[in-house]
Amino acid sequence: NEATNKTVELIDVLWLKGNSIIAAFEVESTTSIYSGLLRMSDLLALQPNLEIKLYLVAPDERRNKVEQEIMRPTFAMREKPLPQVCGFLPFGPLLDNLKTLTKMGLVSSLKPEFLDKIAEYFPSEQER
């Protein structure tokens, strides 16, 4: 629908397989963490049955800000809590892994699942 298309157009990076989106990334190096998470939340609100990987990519030193923002009730109290479905990918470990995979010649055959080894998900208060 039109609202979903407008939201998708605002997302920084989409990983496609054919015509299907298999992962979405918001890259927040200097911009607001909140706005990136809001776009991810909007996407899930518009397409609640959407089963794609979601990631927020940011500098390592912004980890605490990512956790602070993603744990806000508007994101954490959704039916699909954003802290559980949107992983944080810090620049450092992501770039290190990509360099290694490039040297090994494996980058062209990557699937988004490899990112779950790098991504951090934030547990709810009950899970802590």
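Residues numbered from 1 in each chain as written. Predicted model: local features only at pLDDT ≥ 70, side-chain atom pairs only at ≥ 80, totals over all residues. Heavy atoms only, no water.

Student: Break down the overall build of the protein for me, citing the residues and quoting the values.
Tutor: Within the protein, the regular secondary structure consists of six helices and four strands. In sequence order, the protein lays out its α and β elements as α-β-β-α-β-α-α-α-β-α. Taking 2.2 N^0.38 as the reference for a compact globule, 128 residues should give roughly 14 Å; the C-alpha atoms of the protein span a radius of gyration of 15 Å, in line with that estimate. Its C-alpha atoms put the protein at 40 × 35 × 30 Å along the principal axes. Burial status across the protein gives 38% buried among its 128 residues. Within the protein, contacts between residues separated by at least 24 positions form 70% of all contacts whose residues are at least 6 apart in sequence. Of the roughly 7700 Å² of accessible surface on the protein, a fraction of 53% belongs to carbon and sulfur atoms. (Helix = DSSP H or I, 4+ residues; strand = E, 2+ residues; numbered from the N terminus. Rg over C-alpha atoms; globule rule 2.2 N^0.38 Å. Buried < 20%, exposed > 50% of the residue type's maximum accessible area, 1.4 Å probe, protein only. Contact = heavy atoms within 4.5 Å. Areas by Shrake-Rupley, 256 points an atom, 1.4 Å probe, with all protein chains shown as cover.)

Student: Which residues make up the sheet that holds strand 4 (residues 86-90), and what are the values?
Tutor: Spatial ordering of the open sheet is given by 1-2-3-4, a layout of four strands whose pairing is mixed. Where the open sheet ends on each side, the last strands, each with one partner, are strand 1 (13-17) and strand 4. With strand direction ignored, the average angle separating the axes of adjacent strands in the sheet is 25 degrees. The pairing of strand 3 (residues 53-58) with strand 4 spans five bridges and is classified as parallel. For Tyr-55, the partnering residue across the bridge sits in strand 4 and is Gly-87. In the packing of helix 6 (residues 91-103) onto the sheet, contacts are made with strand 2 (20-27), strand 3 and strand 4, and the angle to strand 4 comes to roughly 75 degrees. (Pairing = 2+ DSSP bridges. Axes fitted to C-alpha atoms, helices over the stretch in contact; angles between N-to-C directions.)

Student: Pulling in residues and values, what's your account of the layout of surface pockets?
Tutor: The calculated volume of the largest pocket comes to roughly 180 Å³. Elements supplying a minimum of two residues to the lining of the largest pocket: strand 1, strand 2 and helix 6. Among the residues forming the lining of the largest pocket, the class breakdown is 10 nonpolar, no polar and no charged. (1 Å grid on protein atoms, 1.4 Å probe; cavity = no way out; pocket = protein on both sides within 12 Å on 5 of 7 lines; lining within 4 Å. Points joined across faces, edges and corners; volume = space filled by probe spheres on them. Nonpolar A, V, L, I, M, F, W, Y, C, P; charged D, E, K, R; others polar.)

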